[in-house]
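Below, each chain spelled out in residue letters.
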Amino acid sequence: MRPWAVLAVIAVVAGAVWFVLARSPGQVPETATSPVVVADATSATTEGLPQSARPGTAATPAATPDQAPMPGNDPQDLAAYFRPGDPEPTGAELITALQEAGVRTGLGAFNPPGTSPPLEGLAVPEDFRLPDGYVRHHQVTDEGVPLEPILMFSPDFVLLDAKGRPIATPANRVVPPELAPPGLPLRWVRVGKP
């Protein structure tokens, strides 16, 4: 590439950077159709200034007099779902708000806490060798506490009786004591309230 072409590219990039940096941070284009409110970050030193002249964060659409301004309209930003001054939302409230807005990625991909409580079942010691068709089911509480694994039927397993006929298994696949493999100590894992 010729040296004059490189200099031309550098000049264009420098001009674009200067144009972006020369604009003041709170400046709103004249073509904006809605009034703006700038968040008040330093109310003690800006008390006498009009709201629009106070320093703060990026401009957001104006709120009605009876509600606080929203921090933003980005559906990917959790702050768009809760107003300043609201009580701190729970995990369930955050996930529900995201899912109601159609966000199914990140936190929105998870079910709210408490929607799938841990299962109770027979304890399975780590050194117990499971026969085909049985699995250890590991669980964690909503608070992140690991629970002792319980005994479940494998999803693709069909339990047969002595005559080769299928035996109905529970819908949740948790193995009842009467269908436990021989030699497994029968101790029930109970999940307490947090």
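Parameters at a glance
- In this convention, every chain numbers its residues from 1, walking through the sequence in written order.
- Only residues with pLDDT of 70 or above have their local features reported here, since the model is predicted, and side-chain atom pairs are shown and tallied only from 80 upward, although totals for entire chains, interfaces and linings are computed over all residues.
- In computing side-chain properties, one takes all heavy atoms of the structure into account and sets aside hydrogens as well as water.
- A run of DSSP states H or I qualifies as a helix once it reaches four residues; a run of E qualifies as a strand once it reaches two. Both are numbered from the N-terminal end.
- Summary of the burial criterion: residues with accessible area below 20% of their type's maximum are buried, those above 50% are exposed, and those between are partly exposed, where the area comes from a 1.4 Å probe applied to protein chains only.
- Should any heavy atoms of two residues lie within 4.5 Å, those residues are counted as being in contact.
- Two aromatic rings, drawn from Phe, Tyr or Trp (for Trp, its six-membered ring), form a pair once their centres lie within 6.5 Å of each other, and the interplanar angle then sorts them: stacked below 30 degrees, edge-to-face above 60, tilted otherwise.
- We call a set of buried residues a nonpolar core when its members are Ala, Val, Leu, Ile, Met, Phe, Trp, Tyr or Cys and they connect through side-chain atoms within 4.5 Å of each other.
- Only one rule defines a salt bridge in this text: a Lys or Arg side-chain nitrogen within 4 Å of an Asp or Glu carboxyl oxygen.

Chemist: Please provide a residue-by-residue account of unusual backbone geometry, values included.
Modeler: Look at R173: it is not a glycine, yet its phi comes out positive at around 70°. Here R173 lies in the loop between β5 (150–153) and β6 (188–189). Here R173 falls in the partly exposed class, since its relative accessible area comes to 29%.

Chemist: Provide a residue-level description of the side chain of Q99, including the pertinent values.
Modeler: Tracing the chain through its elements places Q99 in helix α2 (residues 91–100). Accessibility expressed as a relative area gives 18% for Q99, which makes it buried. Beyond its immediate stretch of four places on either side in the chain, Q99 contacts R104, G108, F110 and P112.

Chemist: Hey, could you go over the packing of aromatic side chains for me, with residue numbers and the actual values?
Modeler: Under the definition given, this model contains 3 aromatic pairs. Plain terms: the ring middles of Y134 and F157 are 6.2 Å apart, the flat faces sit at 40° to each other, and that makes the pair tilted. Here Y134, found in strand β4 (residues 134–137), pairs with F157, found in the loop between β5 and β6; they are 23 residues apart in sequence, far enough to count as distant. Using a relative accessible area of 26% as the deciding quantity, one classes F157 as partly exposed. Their ring planes at 15° and their centres at 6.3 Å tell us that F153 and F157 sit as a pair that is stacked. Since its relative accessible area comes to 2%, F153 is described here as buried. Connected via pairs of aromatic rings, a cluster forms that spans Y134, F153 and F157.

Chemist: A description of the nonpolar core should follow, citing residues and the corresponding values.
Modeler: Among the nonpolar cores identified, the biggest contains 11 residues, and these are L122, V124, F128, Y134, L151, F153, L159, V175, L179, A180 and L184. In this structure, Y134 is in contact with L151, M152, F153, S154, L159, V175, L179, A180 and P181, ignoring residues within four places of it in sequence. Membership of the second largest hydrophobic core comes to 5 residues, among which are A123, I150, M152 and V189.

Chemist: Lay out the pattern of salt bridges with the relevant residues and their values.
Modeler: Taken as a whole, this structure holds 3 salt bridges when the rule is applied. A salt bridge links R190 to E120; the nearest nitrogen and oxygen atoms lie 3.7 Å apart. A residue pair is termed long-range when its members are at least 10 positions apart, and R190 in the segment after β6 and E120 in the loop between α2 and β3 (121–122) qualify at 70 residues. Overall, R190 belongs to the exposed group, its relative accessible area being 62%. A relative accessible area of 31% means that E120 is categorised as partly exposed.

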